[in-house]
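A look at the structure
This is what each chain is made of:
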Amino acid sequence: AQSVTQLDSQVPVFEEAPVELRCNYSSSVSVYLFWYVQYPNQGLQLLLKYLSGSTLVKGINGFEAEFNKSQTSFHLRKPSVHISDTAEYFCAVRGGDGDYKLSFGAGTTVTVRA
Amino acid sequence: DTGVSQDPRHKITKRGQNVTFRCDPISEHNRLYWYRQTLGQGPEFLTYFQNEAQLEKSRLLSDRFSAERPKGSFSTLEIQRTEQGDSAMYLCASSLIPVTGELFFGEGSRLTVL
């Protein structure tokens, strides 16, 4: 079975500063990895995904993530955050072919301050 | 594409009552998922359907919970004899086969059991 651990539950950051959200996964098979964002009172929205190929994945709103197989990590980064990036961020993993459900981490709350 | 819609968005009920939630997936999507999210936690998988077939159920899904997708389109999630511990956000998501992995989420149905 696969699982993810998000290492930070809350990340306060100042506007225009960089941010990194850490995610580690465990799986005995090849994995597909995702980052979702949940703005207040809204559903989850996909930021980016890693399926195969380049380990650096670019997503929406200026976010990117790097897949590191040796460290079993998929950390999310943004070089300069905006107030509107205040939200909860979830890392998720799906196992290989035949397993179509996502397993989510507990989430990281990002609060951007002016 | 009108997205995944869920109804009702909010439900307040008394302990012991039955409640039913409805999910309408994106029209061409043949996989439909139910997740539960409690405060401060990531979404937890409950069950999923491929067309009308329920392919997997989590151990979280007690016998008071039942989900159906009778014609392979909309789905219902019923909770019988609700308990205070059932208070949560119930999320529905859909996806298309072949699956790139991305789930498209609705905005959720929030249940409060008094």
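Residues numbered from 1 in each chain as written. Chains lettered and ligands numbered in written order. Predicted model: local features only at pLDDT ≥ 70, side-chain atom pairs only at ≥ 80, totals over all residues. Heavy atoms only, no water.

On to the overall build of chain B. Looking only at helices and strands, one finds zero helices and 11 strands in chain B. Seen in sequence order, chain B has helices and strands lined up from the N terminus as β-β-β-β-β-β-β-β-β-β-β. Taken against the 2.2 N^0.38 rule, which gives 13 Å for 114 residues, the C-alpha radius of gyration of chain B at 13 Å falls within 12% of a compact globule. By its C-alpha atoms, chain B is 40 × 25 × 20 Å across when sized along the principal axes. Counting only residues that meet the buried cut, chain B has 47% of its 114 residues in that class. If you take every contact in chain B between residues at least 6 apart in sequence, the share linking residues at least 24 apart comes to 53%. Element-wise, carbon and sulfur atoms account for 45% of the exposed surface of chain B, whose accessible area totals about 5,800 Å². Positive and negative side-chain charges of chain B, numbering 14 and 14 respectively, have mean locations separated by a distance of 7 Å. (Helix = DSSP H or I, 4+ residues; strand = E, 2+ residues; numbered from the N terminus. Rg over C-alpha atoms; globule rule 2.2 N^0.38 Å. Buried < 20%, exposed > 50% of the residue type's maximum accessible area, 1.4 Å probe, protein only. Contact = heavy atoms within 4.5 Å. Areas by Shrake-Rupley, 256 points an atom, 1.4 Å probe, with all protein chains shown as cover. Lys, Arg positive; Asp, Glu negative; His and termini not counted. Charge placed at Lys NZ, Arg CZ, Asp CG, Glu CD.)

Let us look at the confidence of the model for chain A. In the predicted model, chain A carries a mean pLDDT of 92, and 96% of its residues have values of at least 70. The weakest mean pLDDT in chain A belongs to strand β11 (residues 103-104) of chain A at 92; the strongest belongs to strand β3 (residues 19-21) of chain A at 98. (pLDDT = per-residue confidence, 0-100.)

Moving on to the interface of chain B and chain A. Quite often, the size of an interface is put as the accessible area lost when its parts meet. At the junction of the two partners, chain B supplies 21 residues and chain A supplies 17 residues. A buried area of about 1,600 Å², summed over both sides, lies between chain B and chain A, and 54% of it is on carbon and sulfur atoms. Our count for the contact surface shared by chain B and chain A stands at two salt bridges. Between B:Glu102 and A:Lys49 there is a salt bridge, and its shortest N-O distance comes to 3.7 Å. One can count four residue pairs in polar contact (both at pLDDT 80 or more) joining chain B with chain A. Elements supplying a minimum of two residues to the side of chain B that touches chain A: β4 (31-37) and β5 (44-50) of chain B. A total of four residues in the side of chain B that touches chain A trace back to one element, the largest contributor, which is β4(B). (Buried area = accessible area lost by both parts, 1.4 Å probe. Salt bridge = Lys/Arg side-chain N within 4 Å of Asp/Glu carboxyl O. Polar contact = N/O pair within 3.5 Å; in protein donor to acceptor, adjacent residues only side chain to side chain.)

With that settled, the discussion passes to the state of the cysteines. Residue and element names in this part refer to chain A. Summed over the entire model, instances satisfying the criterion amount to two disulfides over all chains. The disulfide bridge from Cys23 ends at Cys91, spanning 2.0 Å between sulfur atoms. Its S-S torsion of about -70 degrees marks the bond between Cys23 and Cys91 as left-handed, since a negative value means left-handed. With Cys23 in strand β4 (residues 23-26) and Cys91 in strand β10 (residues 87-94), the pair connects residues that are 68 residues apart, well separated along the chain. Overall, the relative accessible area of 0% leaves Cys91 in the buried class. (Disulfide = S-S within 2.5 Å.)

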